[in-house]
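# Examining the three-dimensional arrangement
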Amino acid sequence: MQVSKTAGALALAACLACAIPAQAGNQKEEALADSVRLALSQAILDERPPQARFTSLIELQRYQQWLAQMSQRLQRKLPDTQLRTEFLETVWYESRRAGLEPALVLGLIQVESAYRKYAVSLAGARGYMQVMPFWTGVIGDSDRSKLFHMQTNLRYGCSILRMYLDMEKGDVYLALGRYNGSRGRPEYPNAVRAAWQQWKFVPSGVRPAGSDPG
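Conventions used here
- Residues numbered from 1 in each chain as written.
- Predicted model: local features only at pLDDT ≥ 70, side-chain atom pairs only at ≥ 80, totals over all residues.
- Heavy atoms only, no water.
- Helix = DSSP H or I, 4+ residues; strand = E, 2+ residues; numbered from the N terminus.
- Buried < 20%, exposed > 50% of the residue type's maximum accessible area, 1.4 Å probe, protein only.
- Contact = heavy atoms within 4.5 Å.
- Areas by Shrake-Rupley, 256 points an atom, 1.4 Å probe, with all protein chains shown as cover.
- Phe/Tyr/Trp six-rings, centres within 6.5 Å; stacked < 30°, edge-to-face > 60°.
- pLDDT = per-residue confidence, 0-100.
- Salt bridge = Lys/Arg side-chain N within 4 Å of Asp/Glu carboxyl O.

Regarding its fold elements, the protein presents nine helices and zero strands. In the protein, the succession of helices and strands from N to C terminus is α-α-α-α-α-α-α-α-α. Scored against the burial criterion, the 214 residues of the protein give a buried share of 50%. A separation of at least 24 residues holds for 61% of the contacts in the protein among residues at least 6 apart in sequence. As presented, the protein carries roughly 10500 Å² of accessible surface, and 52% of it is formed by carbon and sulfur atoms.

Applying the stated criterion across every chain yields a total of eight aromatic pairs. Between F54 and Y63, the aromatic rings sit 5.2 Å apart at their centres with planes inclined by 40 degrees, giving tilted as the arrangement.

With that settled, consider the confidence of the model for the protein. When the pLDDT values of the protein are averaged, the result is 83; 79% of them are 70 or greater. Within the protein, the lowest mean pLDDT, 43, falls on helix α1 (residues 6–14), and the highest, 97, falls on helix α5 (residues 102–113). Low pLDDT (under 50) marks residues 1–24, which in the prediction has 54 contacts with non-local residues, meaning those over four places away or in another chain.

Further remarks concern the pattern of salt bridges. Per the stated rule, a full pass over the model turns up seven salt bridges. Among the ionic pairs, R178 bridges to E168, the shortest N-O distance being 2.7 Å. Of this pair, R178 sits in helix α8 (residues 172–180) while E168 is found in the loop between α7 (150–167) and α8, placing the two residues ten residues apart along the sequence. Note on accessibility: R178 and E168 belong to one class, buried. Residue E168 is joined to R183 by a salt bridge in which the shortest nitrogen-to-oxygen separation is 2.6 Å. Pair noted here: E168 is in the loop between α7 and α8 and R183 is in the loop between α8 and α9 (187–198), with a separation of 15 residues, a long-range link. Using a relative accessible area of 37% as the deciding quantity, one classes R183 as partly exposed.

Take a look at the structure:
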């Protein structure tokens, strides 16, 4: 499969970032180096629909198995088959594009919004990945309504999480805390990591532990 160079660009740029200490509650606006802001802006520009590409039949078959397995697990939360398929295809595409494991992104969405497209937090975070509206001004076109668009929300969320992972040198615990605005506190990272395990892909014939994410 062909994966965008976005993850690499963000990794190189994020090392130059100077971050403001996070506070508990929600994503906080960071003091970003120009290179980081540019990398994030470039990461969200491409609005083409997610079209997965595969380099082998085995890779395609593995993706199809993943899609079928995740669709079965998510059916209770998203009963509409077309919506569920589109959602999972987009999660897979945007996760891989940002160099993230789809299971991590699905776990984060479970904790953040319980798979609700139009979820809004008390602080104003929006959509599946609960992206704070200020990001549209920092790296986008300032159109906050776009955060309720499936692919846009997932692209923002995945790109921001990728940036935080790079800032924290791959430390998932600290990156998740920063994403939530609660860096250093265990509640949110632990919740996402627990949900992450529920979305791990399991090869055919093996039953995953706790296979119903609820």
